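These are the residues of each chain, in order.
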Amino acid sequence: MRIGILGSGLMGGKLGTIWARAGHEVVFSYTRSEQKLQKLARDAKRKARSGTPREAAQDADALLLAVHWSRVDDVLQQAGDLSGKVIVTCSLPMNADDTGLVIAHTSSGAEELAKRVRKARVVSAFGTVPSEVLFGVFAARRKARRPSLVYCGDDTRSKKVAAGLIRDVGFDPVDAGPLRIARYTEPFTLLVAQLAYEGDGGPELAYRFERFGT
Ligand SMILES: NC(=O)c1ccc[n+]([C@@H]2O[C@H](COP(=O)([O-])OP(=O)(O)OC[C@H]3O[C@@H](n4cnc5c(N)ncnc54)[C@H](OP(=O)(O)O)[C@@H]3O)[C@@H](O)[C@H]2O)c1
């Protein structure tokens with residue numbers, strides 16, 4: 001698949017690198033440093049390259065939106081026409097100092113994004129884990145017990161694309177339902193962040209849902 005990365009920071013840089021290593025064609029875009037983009041593409045090797053958000057979006061089978069909430073409009077505007085595109089978003093609607101959600105309860109960042117790019121197909125995924133765990137999960141992908149990763153969206157085909165990308169990283173995709181379920185997954189991330197960054201065990205943290213009974 002061709003994957004465009006809109007926001008090549010902690011999340012976008014790592015996920016793009018992993019997908020390139022998994023065999024996808026990746027275009028990294030949107031940082032303040034062109035050198036950083038080029039280094040990411042070089043280090044990811046294989047079919048990775050750097051480009052503008054518009055180049056990342058062009059011909060992409062899937063886009064990862066991984067920018068601070070305050071940068072969403074800017075990167076979308078730079079990306080151009082996203083009609084029909086699958087947008088996987090890990091971006092959380094955080095306030096300027098990242099201490100709280102600016103959208104919650106009655107809507108979610110993912111739903112607001114879908115309203116801004118009405119012709120795109122938005123899936124919410126990857127926002128519930130810290131970036132620090134991603135390479136570890138990828139390294140352990142051949143182990144039997146994979147960590148879970150919840151995702152949600154309203155379009156079946158796009159959700160299949162997202163589930164494949166989740167599997168490629170090494171997670172077990174858990175379909176949480178329609179996009180409005182992001183109202184629950186986004187605040188759940190604040191719990192994961194609390195455990196990851198304020199807990200004793202360090203930020204390389206993922207989660208796993210288990211079912212019991214027959
Ligand atoms: N980090 C996590 O563990 C984590 C986990 C779950 C969800 N999230 C969410 O995922 C999203 C991305 O988080 P992140 O930690 O990956 O953020 P980040 O490391 O700050 O990456 C954001 C990217 O946007 C770029 N950017 C910011 N302002 C820009 C501007 N004015 N012009 C061009 N590029 C600009 C940054 O460029 P520079 O490289 O130049 O800074 C960076 O490449 C956020 O919405 C966050 O809430 C993050």
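See the structure shown above.
Throughout this document, residue positions are counted from 1 along each chain, in the order its sequence is written. In keeping with the model being predicted, local features are shown solely for residues with a pLDDT of at least 70 and side-chain atom pairs are shown and tallied solely at 80 or more, while totals for entire chains, interfaces and linings include all residues. Water and hydrogen atoms play no part in the side-chain values, which are based on all heavy atoms of the structure.

How do you make sense of the overall build of the protein when you look at a structure like this?
Helix and strand assignments follow DSSP, with helices taken as H or I runs no shorter than four residues and strands as E runs no shorter than two, numbered in order from the N terminus. Across its full length, the protein holds eight helices and eight strands. Relative to the 2.2 N^0.38 estimate, which gives 17 Å for 214 residues, the radius of gyration of the protein is 16 Å and therefore close to what a compact globule would have. Contact criterion: two residues are considered in contact whenever any of their non-hydrogen atoms come within 4.5 Å of each other. Put simply, of all contacts in the protein between residues at least 6 apart along the chain, 70% involve residues at least 24 apart. Just so you have it, the protein exposes about 11000 Å², and 49% of that area is on carbon and sulfur atoms. As defined in this context, the radius of gyration uses C-alpha atoms, and a globule is described by 2.2 Å times the residue total to the power 0.38. Computed by Shrake-Rupley with a 1.4 Å probe, the accessible areas treat only the displayed protein chains as cover when residues are assessed.

How should the environment of arginine 46 be read in this particular structure?
Of note, arginine 46 is situated in the loop between helix H2 (34-44) and strand E3 (48-50). Expressed as a C-alpha distance, the spacing of arginine 46 and glutamate 25, which sit 21 residues apart in the sequence, is 8.0 Å. Beyond its immediate sequence surroundings of up to four residues, arginine 46 is in contact with Ala20 and Arg21.

Looking at this structure, I do not really get unusual backbone geometry. What am I missing?
Glycine aside, a negative phi is what most residues show, and trans is what most peptide bonds show. A positive phi angle, near 60°, is found at aspartate 59, a position not held by glycine. One non-glycine residue, histidine 105, lies in the positive phi region at around 65°. Tracing the backbone shows histidine 105 in the loop between strand E5 (86-89) and helix H5 (109-116).

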